[in-house]
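Fold and contact review
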Amino acid sequence: NAGVMQNPRHLVRRRGQEARLRCSPMKGHSHVYWYRQLPEEGLKFMVYLQKENIIDESGMPKERFSAEFPKEGPSILRIQQVVRGDSAAYFCASSRERSYGYTFGSGTRLTVV
Amino acid sequence: QQQVKQSPQSLIVQKGGISIINCAYENTAFDYFPWYQQFPGKGPALLIAIRPDVSEKKEGRFTISFNKSAKQFSLHIMDSQPGDSATYFCAAGYGGSQGNLIFGKGTKLSVKP
């Protein structure tokens, strides 16, 4: 039973480009959470999604960031026109139901040059 | 009110010693307090969690102590081992949320052989 799969593991983008981060939840999990971890900081909640629905996006920056979790396929976190301050590790977690007991993936480390 | 303050930032312990990490919170609505362990290049993994209706929870060498009146909780690692060397995060969540957690900034633990 594979865990939460995130890809790519590392992503380098130039300023102004778009970054797409993918998250495949564990089998049978329909709830996905995205967190961002800046260097030397704890994780900060960004968005919570269920299949085809955004439930809570209170942690998402108002501009350039969007997330989706389609009926088929992985959840995508999309960052448009990346800036240096977007450099961070982005973690996805999934759960079977609305719950705190979710499982994290290994993250995508985004570097903006 | 949404903050979780964690200390110390780093901790060095001899093998066999006790590692103690502390967290404090402000929001009395929090009702779930987990601890996560993170190794370099990996996602956080749930270690142990407690609800405010108990003052202590033990799982193997890991114990959470919870002081509701002081709004503090701590992680104790007994008989610390070099393999415990990692970054530890406390977090808090509350029933009104959809499942997002507020994380502390982390404690980097090094256990010396």
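Attention in this report is confined to the structure presented alongside it. Counting starts from 1 at the beginning of each chain's written sequence and moves along it residue by residue. Written order decides the labels, with chains lettered from A and ligands numbered from 1. Two thresholds apply to this predicted model, a pLDDT of at least 70 for residue-level local features and 80 or more for giving and counting side-chain atom pairs, whereas whole-chain, interface and lining totals are computed over all residues. Processing note: side-chain calculations cover all non-hydrogen atoms of the structure and skip hydrogens and water entirely.

Quick word on the pairing of strand β5 (residues 45-50) of chain B
The two faces of the sheet receive side chains in turn, since in a regular strand these alternate between them. Residues and elements named next belong to chain B. Let me state the cut-off plainly: Only when DSSP finds a minimum of two bridges between them are two strands counted as paired. For helices the rule is a DSSP run of H or I covering at least 4 residues; for strands it is a run of E covering at least 2, with both sets numbered from the N terminus onward.
Here strand β4 (residues 30-38) pairs with β5 via five bridges, running antiparallel. Across the sheet, the residue bridging to phenylalanine 33 is isoleucine 50, located in β5. What sits between β4 and β5 in their antiparallel hairpin is a turn of six residues, with glycine 41 showing a positive phi close to 80°.

Side note on the pattern of salt bridges
Pairing of side chains with opposite charge becomes possible as their charged atoms draw close. All names here are of chain A. As a reminder, the rule being used: Throughout this description, the term salt bridge denotes a Lys or Arg side-chain nitrogen within 4 Å of a carboxyl oxygen of Asp or Glu. With a 1.4 Å probe rolled over the protein chains alone, any residue whose accessible area is under 20% of its type maximum counts as buried; one over 50% counts as exposed, and the rest are partly exposed.
All chains considered together, the criterion is met by eight salt bridges over all chains. Here glutamate 18 makes a salt bridge to arginine 78, at a shortest N to O gap of 2.8 Å. Remark: arginine 78 occurs in strand β8 (residues 75-79) and glutamate 18 occurs in the loop between β2 (10-13) and β3 (19-24); sequence separation between them is 60 residues. The class of glutamate 18 is partly exposed, set by a relative accessible area of 30%. For arginine 78, a relative accessible area of 27% gives the class partly exposed.

Observations regarding the interface of chain A and chain B
Rules: Throughout, a contact is declared for two residues whenever any of their heavy atoms are within 4.5 Å. When two parts are put together, the accessible area they lose, computed with a 1.4 Å probe and summed over both, is reported as buried area. Whenever a nitrogen or oxygen atom comes within 3.5 Å of another N or O atom, the pair is scored as a polar contact, on the condition that within protein one atom can donate a hydrogen and the other can accept it, and that pairs from neighbouring residues in sequence are kept only if both atoms are in side chains.
On the side of chain B, 21 residues touch chain A, which itself brings 22 residues to the contact. Interface of chain A and chain B: buried area, both sides summed, is about 1,700 Å²; carbon and sulfur atoms make up 52% of it. When the shortest N-O distance is used, the salt bridge between A:Glu41 and B:Lys105 registers 3.7 Å. Our count for the chain A to chain B interface comes out at three residue pairs in polar contact (both at pLDDT 80 or more). Every element with two or more residues in the side of chain A that touches chain B is listed here: β4 (31-37), β5 (43-50) and β6 (53-56) of chain A.

Describing the sheet that holds strand β1 (residues 5-7) of chain A
Residues and elements named next belong to chain A. Applicable threshold: To define axes, lines are fitted to C-alpha atoms, for helices over the stretch in contact only, and angles between the resulting N-to-C directions are given on a 0 to 180 degree scale.
One open sheet accounts for four strands, arranged β1-β3-β8-β7; its pairing is antiparallel. Strand pairing shows two members of the sheet lacking a second neighbour, β1 and β7 (65-68), which therefore form its edges. Ignoring which end each strand starts from, the neighbouring axes of this sheet average 15° apart. Pairing between β3 and β8: five bridges, direction antiparallel. Paired with leucine 21 across the two strands is leucine 77, which belongs to β8.

A few points about unusual backbone geometry
Most peptide bonds take the trans form, and the phi angle of most residues other than glycine is negative. Of note, the amide linkage connecting A:Asn7 to A:Pro8 takes the cis form, showing an omega dihedral of -5°. Here A:Pro8 lies in the loop between β1 and β2. That bond from B:Ser7 to B:Pro8 is cis: its omega, -5°, falls within 30 degrees of zero. In this structure, B:Pro8 sits in the loop between β1 (4-7) and β2 (10-14). Of note in the backbone geometry, A:Gln81 takes a positive phi value of approximately 45° without being a glycine. Its location among the elements puts A:Gln81 in the loop between β8 and β9 (88-95). Given a relative accessible area of 54%, A:Gln81 falls into the exposed group.

Some remarks on the packing of aromatic side chains
Selection criterion: Here is the rule: rings of Phe, Tyr and Trp (six-membered ring for Trp) pair when centre to centre is within 6.5 Å. Planes less than 30 degrees apart are stacked, more than 60 are edge-to-face, and the remainder are tilted.
Overall, the coordinates contain 20 aromatic pairs over all chains when judged by the stated rule. Relative to B:Tyr36, the ring of A:Phe104 has its centre 5.6 Å away and its plane inclined at 85°; by these criteria the two rings are edge-to-face. One end of the pair, A:Phe104, is in strand β10 (residues 103-104); the other, B:Tyr36, is in strand β4, on a second chain. Exposure remark for B:Tyr36: the relative accessible area of 0% places this residue in the buried category. An angle of 40° between the planes, with centres 6.4 Å apart, marks the rings of B:Phe66 and B:Phe73 as tilted. Considered together, B:Phe66 and B:Phe73 belong to a single accessibility category, that of buried residues. In textbook terms, an aromatic cluster arises when at least three aromatic residues are bridged by ring pairs, as seen for A:Tyr33, A:Tyr35, A:Phe45, A:Tyr48, A:Tyr102, A:Phe104, B:Tyr36, B:Phe89 and B:Phe103.

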